[in-house]
Amino acid sequence: MKKLLPPPILSEDTIYTEYVKWLATPKIERKIKGEVEFCEKYKIAQELVFSFRARQPFDDDLKNETIKWAKRKTPELIHLLYERYKESQSHQDLRLWLEALGMLKKDDPKQGDT
């Protein structure tokens, strides 16, 4: 016998958007740790989550949201790379720094190791 859930607190489209954002966030940074907990929070059946994954734009939506997440984290990452380079003064860390800034192509054979 299926457990009856109260009606969702948000529209299905809104929950879909929240699900994609949640899934695009790395596991270590998620406040909601698993899909079951996600379903409980939004008062939805797990079957709805399965239907979200079957939606036509799901893969594109997930990719786009992952890129948005990464862009929000970029300043923090750049800062960490800079701090790492300041401490180490290593050529490898300098290379990572320049690649992150787009000043050096990753594994560009034309630009020798510094």
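Our structure is the block above this text.
Just so we're clear, the structure is a prediction, and the values are computed from it rather than from any experiment.

Caption draft 1: A look at the layout of surface pockets. Of the voids in this model, the second largest pocket is the one considered here, and its volume is about 220 Å³. Counted by class, the lining of the second largest pocket contains four nonpolar, one polar and six charged residues.

Caption draft 2: Geometry of the packing of aromatic side chains. Tallying each qualifying case throughout the model produces seven aromatic pairs. Note on Tyr16 and Phe52: the rings are 5.3 Å apart at their centroids and 80° apart in plane angle, and the pair reads as edge-to-face. Placement of Tyr16 in helix H1 (residues 12-24) and of Phe52 in helix H3 (residues 46-54) is noted, with a sequence separation of 36 residues between them. For the ring pair Tyr19 and Phe38, a centre distance of 5.3 Å and an interplane angle of 70° mean the geometry is edge-to-face. One end of the pair, Tyr19, is in helix H1; the other, Phe38, is in helix H2 (residues 35-42), with 19 residues separating them in the sequence.

Caption draft 3: Geometry of unusual backbone geometry. The phi torsion at Lys43 lies on the positive side, around 55°, for a residue other than glycine. The topology assignment puts Lys43 in the loop between H2 and H3. Notably, Gln89 is not glycine yet its phi reads approximately 55°, a positive angle. You can see Gln89 is positioned in the loop between helix H4 (58-88) and helix H5 (91-100).

The rules behind each value
- Residues numbered from 1 in each chain as written.
- Predicted model: local features only at pLDDT ≥ 70, side-chain atom pairs only at ≥ 80, totals over all residues.
- Heavy atoms only, no water.
- 1 Å grid on protein atoms, 1.4 Å probe; cavity = no way out; pocket = protein on both sides within 12 Å on 5 of 7 lines; lining within 4 Å.
- Points joined across faces, edges and corners; volume = space filled by probe spheres on them.
- Nonpolar A, V, L, I, M, F, W, Y, C, P; charged D, E, K, R; others polar.
- Phe/Tyr/Trp six-rings, centres within 6.5 Å; stacked < 30°, edge-to-face > 60°.
- Helix = DSSP H or I, 4+ residues; strand = E, 2+ residues; numbered from the N terminus.

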